[in-house]
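Working through the structure, step by step
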Amino acid sequence: MKLSDVSIQRPVFVTMMMLALVVLGYFSWTGLSVDMMPDVDFPFTVVQTIYPGASAESMETDVSKKIEDAVNQISGVRHIISQSREGYSLVVVEFNLEKDGMEATNDVREKIAGIRNDLPDDIEEPIVSQYDPTAQPIISIAISGKRTPKDITEIAKNRIKKRLESVKGVGAVNLIGGSEREILISLDPYKMESKQITTSAVHGAIQSANLEIPGGRVDESSREYLVRVMGRLERVVDFENVIVKSTDGVPIYLRDIATVHDTTVEQRSLARLDGKPAVALSIVKQSGANTVEIAEGVDKVLADLAAELPPDIQLTKVEDNSIFIKDSIHEIQFNIGYGMLLAVIVIFLFLLDLRPTIIAGLSIPISLVATFTIMKLLGFTINVLTLLGLSLAVGILIDDAIVVMENIYRHIHLGQKPMQAAFRATKEIGLAVMATTFSIVVVFVPVAFMEGLVGRFFYQFGM
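Let me begin by describing the structure that accompanies this report. Since the structure is predicted, the reported quantities are computational estimates derived from the model, not experimental observations.

A few words now on the sheet that holds strand β15 (residues 279–285). Taken together, the 4 strands give an open sheet; going across it, the order is β6-β15-β5-β16, and neighbouring strands pair in antiparallel fashion. The outermost strands of the open sheet, each flanked by one partner alone, are β6 (170–176) and β16 (314–320). Strand after strand, the sheet turns through a mean of 20° between neighbouring axes, direction not considered. Pairing of β6 with β15 involves 6 bridges; the strand directions are antiparallel. By the bridge assignment, leucine 175 is partnered in β15 with leucine 281. Here helix α9 (residues 291–308) sits on the sheet in contact with β5 (137–144), β6, β15 and β16, set at roughly 170° to β16.

Looking now at the nonpolar core. Note that soluble globular proteins tend to have their nonpolar side chains buried in a common cluster. Judged by nonpolar contacts, the single largest core of 24 residues is most densely connected at Ile139, Ile141, Ile143, Ile160, Leu164, Ile283 and Val298. A total of 6 residues in this core trace back to one element, the largest contributor, which is α9. Residues within four places of isoleucine 139 in sequence aside, it is in contact with Leu281, Ser282, Ile283, Ala295, Val298, Lys317, Glu319 and Asp320. Counting residues in hydrophobic clusters, the runner-up holds 22 residues, among them Leu32, Ile325, Met340 and Met375.

Moving on: helix α1 (residues 2–9). Quick reminder: α-helices carry 3.6 residues per turn. Residues three or four places apart thus point the same way. Inspection of α1 places Ser4, Asp5 and Ile8 among the buried residues, and these make up the whole buried set. One side of α1 holds all its buried residues, which, seen down the axis, span an arc of 100°. Projecting away from the buried face of α1 at angles above 90 degrees are the exposed residues Lys2 and Leu3. Those residues of α1 that are buried are in contact with α2 (11–31) and α13 (418–448).

On to the pairing of strand β2 (residues 77–85). Inspection of the sheet shows β2 paired to strand β3 (residues 88–95) by 8 bridges, in the antiparallel sense. Among the inter-strand pairings, histidine 79 is bridged to a residue of β3, identified as glutamate 94. Where β2 folds back onto β3 in an antiparallel hairpin, the turn is made up of 2 residues, including glycine 87, whose phi is positive at roughly 80°.

Let us now look at the packing of helix α12 (residues 384–413) against α13. Where α12 meets α13, the axes come as close as 8 Å, and the angle between the chain directions of the two elements is 155°. Viewed along their axes, α12 and α13 adopt a mutual orientation that is roughly antiparallel. Considering only the axes of α12 and α13, their crossing is right-handed. When the residues that make up the contact of α12 with α13 are grouped by side-chain class, the tally is 13 nonpolar, 5 polar and 4 charged.

Turning our attention to the sheet that holds strand β4 (residues 127–130). The sheet built from 4 strands is open, its strands ordered β2-β3-β1-β4 with antiparallel pairing. Edge positions in the open sheet fall to β2 and β4, since each of these has one partner strand only. Within the sheet, the average angular offset between the axes of one strand and its neighbour, ignoring direction, is 15°. Judged from the 4 bridges that link them, strand β1 (residues 44–50) and β4 form a sheet pairing that is antiparallel. Following the sheet pairing, glutamine 48 is matched in β4 by isoleucine 127. On the sheet, helix α3 (residues 56–71) packs against β1, β2 and β3 and is oriented at approximately 165° with respect to β2.

Calculation rules
Residues numbered from 1 in each chain as written. Predicted model: local features only at pLDDT ≥ 70, side-chain atom pairs only at ≥ 80, totals over all residues. Heavy atoms only, no water. Pairing = 2+ DSSP bridges. Helix = DSSP H or I, 4+ residues; strand = E, 2+ residues; numbered from the N terminus. Axes fitted to C-alpha atoms, helices over the stretch in contact; angles between N-to-C directions. Contact = heavy atoms within 4.5 Å. Core = buried A, V, L, I, M, F, W, Y, C linked by side-chain atoms within 4.5 Å. Buried < 20%, exposed > 50% of the residue type's maximum accessible area, 1.4 Å probe, protein only. Arc of directions from axis to C-beta. Parallel < 35°, antiparallel > 145°, perpendicular 65-115°, else oblique. Left-handed = near helix turned anticlockwise from the far one by under 90°. Nonpolar A, V, L, I, M, F, W, Y, C, P; charged D, E, K, R; others polar.

The following block contains the structure:
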């Protein structure tokens, strides 16, 4: 066998090659993402459309049916499922597994843009997105304190949320249970009728008064200034003083026909911490991002915020999926190390010789670490399935080493010199060892190329 001959005759060369594999594997390990499951591209595209006030029947005939007919023309469509409810349409398009998810989403987006004029004018722009099961909140943070819900919401939205959005890998930060500021204008229909003022006139007056527009340029010798007309309404009294209409030169103010309240938006979500009202922030990761790295970045930002925020504001992490992932990965890593140790002990008990035990013991970590280079090149991640594959390989790796060493020692006991025994022993069983290895490859390669979504998950395990 050529490989064994080179290994025996050029031990320094082989040693350097193994060290090179270990170094490459180590740096590949540090660059691999850590997640619970492999990153699988799901060929599903979701189209969401909102049509305020429309019935379920109108949503089906005017929106869902037209979208279905449009996307059905795209090549590779397997199934189309739609749901029509009051004011809401959901169309899910499933493509063949061979279809790239991003390409499929772009095709659907183009088709929707092509029929936009055929859809009702009052609908909101349809939202076309690729289905990603990993785009779920991975961390939830509760903000509480001895302040009004409005003040806590302001701090959470303007200070905490913006800082968390800057963490690498964070896709979105959703605010739950907030009480945001709202200027509520309660119109008096009787006063409006007596003064002959319509709701649209009130809306137009407020819109015209609440503007900030460019005012041109002003030249002064060698300088040029940009002028802006600052017309934003900031206080309640500013809204009350808006002139809605003038009758015979007498202005009618908004306060004459309405009451202006500085209040909060009606809550559509609720968050509680230990039974008390709070504001929650749920962090959603980007597709393919490292969950553990995001959690570490969030912890660092929370530590900085704890020192910057007022003392009465408390930040409590109530959910963190990275803890379960780290525990699961750590458990598998422990089992791999435990299995390696037991394999070395069993070898020593059977051979009762330290040198072959060390050789066999080194073959396991070198092979495992070198595998991380291939994982990096193939775009794999450190997850439950890849580590499960590595843990199964521990037992497979040791077999060939034991068989080869045992045959070498048999030739030594027959009176041959170690160098000659190594040559003859490897030549005798080299083909048999390769047959054993390739038989294992034949078993696991079909697992890597299974069809369907299950095959997508088991691809990394089989490889």
